[in-house]
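# Commentary on secondary and tertiary structure
The primary structure of each chain is shown beneath.
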Amino acid sequence: MSYYIRILGTENPDIHLDDILEALDEDGLSAKVDALKNEQPEKWTHIELKNEKNKLLAVIERDAVTGDGMGKEELDEFRASILDFQPASAAKWLNSFFDRVQVIYAFRLLPIAMEDDNYDIITTVQTCIWEKVKGILQADEEGFTNEEGYHILWQFPDDADGDWNCAVLNADGKWENFSMDLANKEQQKAFKQGQIPTGAKKRS
């Protein structure tokens, strides 16, 4: 089964393949980016991302949220799915945020992409696109972030662990950012209730 990470953008500019290659070069990474279907380098809808050994790491699909296309269909699926997850305040915020989404970039990751050097390539490309489309992130078996990249909806498996940057909405509707221990059941409970967990480390 494929593992996906996604960018949900509130803007939909053309992103030239050279912009992606430049971002990789700035991070000292070497990779290949190939547009499929003989598409123009700035009008692509499908690209393959390979490492310097020509090993395929990911296929990235760009879907505008228009009409009855794939982007609109995927967004509708997200609207339905988030209702089953907590915090409820985050689900409500996301439902409203989805109205602003103009494009979805879906990264289908191969297992090799999760290796250290290869994953650096994935995160650089993700950041490059995210900064241009100004939106939020989503990952399978994790959930959604806010616009700053802090995790806001609990969709982790029961055995999740490790420190994680999260956020909850305060009484004024502003995000409160912090780092929590995913394995700590009390912190899990507080987060799902939309509260900053006891022992969490505040982030500015």
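Before reading further, recall that the structure is shown in the block above.
Within each chain, residues carry numbers counting from 1 in the order of the written sequence. In keeping with the model being predicted, local features are shown solely for residues with a pLDDT of at least 70 and side-chain atom pairs are shown and tallied solely at 80 or more, while totals for entire chains, interfaces and linings include all residues. Working from all heavy atoms in the structure, the side-chain values ignore hydrogens and water.

### Considering the pairing of strand β9 (residues 175-181)
Here the term buried applies to any residue with accessible area under 20% of the maximum for its type, exposed to any over 50%, and partly exposed to those in between, with areas from a 1.4 Å probe on protein chains only. A run of DSSP states H or I qualifies as a helix once it reaches four residues; a run of E qualifies as a strand once it reaches two. Both are numbered from the N-terminal end. Counted residue by residue, β9 has five buried out of seven residues, so it is predominantly covered. Note: strand β8 (residues 163-169) against β9, seven bridges, orientation antiparallel. For Cys 166, the partnering residue across the bridge sits in β9 and is Phe 178. Strand pairing is assigned whenever DSSP detects at least two bridges linking the two strands. Between β8 and β9, which pair antiparallel and follow one another directly, the connecting turn spans five residues, one of which, Gly 173, has a positive phi of 75 degrees. In the sheet, β9 pairs with strand β10 (residues 201-203) via three bridges, with the strands oriented antiparallel. Counted as the bridge partner of Asn 177 is Arg 203 from β10.

### Quick word on the pattern of salt bridges
Every case where a carboxyl oxygen of Asp or Glu lies within 4 Å of a side-chain nitrogen of Lys or Arg is listed as a salt bridge. Counted under the stated rule, the structure contains nine salt bridges. The residue Asp 140 makes a salt bridge to Arg 6 at a minimum N-O spacing of 3.2 Å. Of this pair, Asp 140 sits in the loop between β6 (135-139) and β7 (143-144) while Arg 6 sits in strand β1 (residues 3-9), and the two are 134 residues apart along the sequence. Lys 43 serves as the salt-bridge partner of Asp 14, at 2.9 Å between the closest nitrogen and oxygen. Here Asp 14, found in the loop between β1 and α1 (17-26), pairs with Lys 43, found in the loop between β2 (31-35) and β3 (46-51); they are 29 residues apart in sequence, far enough to count as distant. Assessed through its relative accessible area of 46%, Lys 43 is described here as partly exposed. Via salt bridges that share partners, Arg 6, Glu 74 and Asp 140 belong to a single interconnected network.

### A closer look at the sheet that holds β6
Reading across the sheet, the seven strands line up as β2-β3-β4-β5-β1-β6-β7 and stay open at both edges, with antiparallel pairing between neighbours. With one partner strand each, in any of the chains shown, β2 and β7 form the two edges of the open sheet. Alignment of β6 against β7, held across two bridges, turns out to be antiparallel. Across the sheet, the residue bridging to Ala 139 is Gly 143, located in β7. Only heavy atoms matter for contacts: two residues are in contact if any of them lie within 4.5 Å across the pair. Working convention: axes come from line fits to C-alpha atoms, limited for helices to the stretch in contact. Angles between N-to-C directions cover 0 to 180 degrees. Most of the contacts of α1 go to β2, to which it runs at about 170 degrees, and overall it touches β2 and β3.

### Observations regarding helix α2 (residues 70-81)
For α2, with twelve residues, the first-to-last C-alpha span of 16 Å sits near the 16 Å given by 1.5 Å per residue. When α2 is considered as a whole, its buried residues turn out to be Gly 71, Glu 74, Leu 75 and Phe 78. Buried residues in α2, looked at end-on, bunch into an arc of 100 degrees, giving them a common side. On its buried side, α2 packs onto β1, β4 (56-64), β5 (103-109), β6 and β7. Given the number of residues in a helix, its expected span is that number minus one, multiplied by 1.5 Å. The reported arc concerns the directions from the helix axis to the C-beta atoms and nothing else.

### A word on the packing of aromatic side chains
Each aromatic pair joins two rings of Phe, Tyr and Trp (for Trp, the six-membered one) with centres within 6.5 Å, and gets the label stacked for planes under 30 degrees apart, edge-to-face for over 60, and tilted for any other angle. Using the criterion set out here, one finds ten aromatic pairs in the structure. With centroids separated by 5.3 Å and ring planes inclined at 85 degrees, the aromatic side chains of Phe 156 and Trp 164 adopt a geometry described as edge-to-face. When its relative accessible area of 9% is taken as the criterion, Phe 156 is described as buried. Through pairs of rings, three or more aromatic residues link up here, namely Trp 154, Phe 156, Trp 164, Phe 178 and Phe 191.

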